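# Coordinate inspection notes
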Amino acid sequence: NVKCNLPMPSFIGVNGENAKKLSLDCGYPEKNIIELEALRYLYLNDISKHNTKDTNSECLNILVLGDYQKTNTNHQMLLLQEASKDVIKKIKIVVKPHPSCNIFASNYPRLNFTLTHTPLHKLLNDFSVIFASSNTSASIDAYYSGKFVLTVLDPSALNFSPLRGLDGALFVESAKQLSDAINQFDKISDYNIHPEGYFYLTPSLPRWEKLLINPDKIKSISK
């Protein structure tokens, strides 16, 4: 009952409290929203939710999650290259490129790092700090796992990070901000990360079961 009505689906499934809040904030009627388990992210139930804070370690392990756009990836790597010279603690950098955007060590001669294509879920528990691009959804996995996630922002572009607005999400725009954040890692006792509820991850899939078995009762699914 508004001017210029747009076609809308009868119901919209959301995979967690964050998606639900975003949908409501965008004006979707609550009666049209149903809650469903995040099938893609069920594996997160098996990942340890902890902050890897080994302050006695001589080396800080940093995992870099690249972007699918070449310009964003280059900006991210150049920022890290510049910041690395001001990082006090010894660091080990491993870079995981996005499948659609290769990264070549020869393009960043002043940055010592190794490349990996190992699946993310096999990497997370081995790293203390995650440095993510603003577009990658992989930052959600790291955040949910309780990692210290730093997201690079381009001051000339919009913030498309899925972590935007979340407690404990940290963003950097300059090399100095990045090096300062890494240097402060050992001194931060609480990252204020609260990932619980970000996704609906009940392994038995009760929400999907209600939808598929009793679709005529769909309006009561989210209650």
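Structural data are supplied above this passage.
None of the values given here were measured: they were computed from a predicted structure. (Residues numbered from 1 in each chain as written. Predicted model: local features only at pLDDT ≥ 70, side-chain atom pairs only at ≥ 80, totals over all residues. Heavy atoms only, no water.)

### Considering the overall build of the protein chain
Helices and strands together make up the secondary structure of the protein chain, namely five helices and eight strands. Tracing the protein chain from N to C terminus, the helices and strands come up as β-α-β-β-α-β-β-β-α-β-β-α-α. Per-residue burial for the protein chain yields a buried fraction of 43% across its 223 residues. If you sum the accessible surface of the protein chain, you get close to 12,700 Å²; carbon and sulfur atoms cover 52% of it. (Helix = DSSP H or I, 4+ residues; strand = E, 2+ residues; numbered from the N terminus. Buried < 20%, exposed > 50% of the residue type's maximum accessible area, 1.4 Å probe, protein only. Areas by Shrake-Rupley, 256 points an atom, 1.4 Å probe, with all protein chains shown as cover.)

### Considerations on the pattern of salt bridges
Taken as a whole, this structure holds seven salt bridges when the rule is applied. Two residues, Lys85 and Glu82, come together in a salt bridge whose shortest N-O distance is 3.4 Å. The class of Lys85 is exposed, set by a relative accessible area of 52%. Across the salt bridge formed by Lys176 and Asp180, the nearest N and O atoms sit 2.7 Å from each other. Taken together, the residues span about one helical turn, with Lys176 and Asp180 both in helix 4 (residues 175-183) at a distance of four residues. Judged by relative accessible area, which is 56%, Lys176 ranks as exposed. Three or more residues joined by partner-sharing salt bridges are found here, namely Lys20, Glu35, Glu37 and Arg207. (Salt bridge = Lys/Arg side-chain N within 4 Å of Asp/Glu carboxyl O.)

### Focus on unusual backbone geometry
With a phi close to 55°, Leu205 is a non-glycine residue in the positive phi region. Residue placement: Leu205 occurs in the loop between helix 4 and helix 5 (206-213). You can call Leu205 partly exposed: its relative accessible area is 23%.

### Regarding the sheet that holds strand 4 (residues 91-96)
On the basis of which strands lie adjacent, the open sheet formed by six strands has the order 5-4-3-6-7-8 and parallel pairing. Every other strand in the sheet has two partners, leaving strand 5 (114-115) and strand 8 (170-172) as the edge strands with one partner each. Here strand 6 (residues 129-132) pairs with strand 7 (residues 148-152) via four bridges, running parallel. Its bridge partner being in strand 7, Phe131 is matched across the sheet by Leu150. Strand contacts of helix 4: strand 3 (60-65), strand 6, strand 7 and strand 8, with the helix running at about 175° to strand 7, the strand carrying the most contacts. (Pairing = 2+ DSSP bridges. Contact = heavy atoms within 4.5 Å. Axes fitted to C-alpha atoms, helices over the stretch in contact; angles between N-to-C directions.)

### Describing the layout of surface pockets
The volume enclosed by the largest pocket comes to roughly 330 Å³. What lines the largest pocket is a set of 17 residues, among which Arg40, Lys96, Leu120, Thr136 and Ala138 lie closest to the centre. (1 Å grid on protein atoms, 1.4 Å probe; cavity = no way out; pocket = protein on both sides within 12 Å on 5 of 7 lines; lining within 4 Å. Points joined across faces, edges and corners; volume = space filled by probe spheres on them.)

### With respect to the pairing of strand 6
By the alternation rule, side chains of strand 6 split into Val129 and Phe131 and Ile130 and Ala132, which are all buried. Two strands pair when backbone bridges link them, and strand 3 and strand 6 are joined in this way by four bridges, in the parallel orientation. Looking across to strand 6, one finds that Leu63 is bridged to Ile130. Each parallel crossover has a hand, and for strand 6 linked through helix 3 (residues 138-144) to strand 7 it is right-handed. (Right-handed = clockwise from strand over helix to strand, strands pointing away.)

### Let's talk about helix 4
Among all positions in helix 4, only Ala175, Leu178, Ser179, Ala181 and Ile182 are buried. Mapping the buried residues of helix 4 onto a view down its axis gives an arc of 160°, with all of them on the same face. As for helix 4, its buried residues are in contact with strand 3, helix 2 (70-84), strand 6, strand 7 and strand 8. (Arc of directions from axis to C-beta.)

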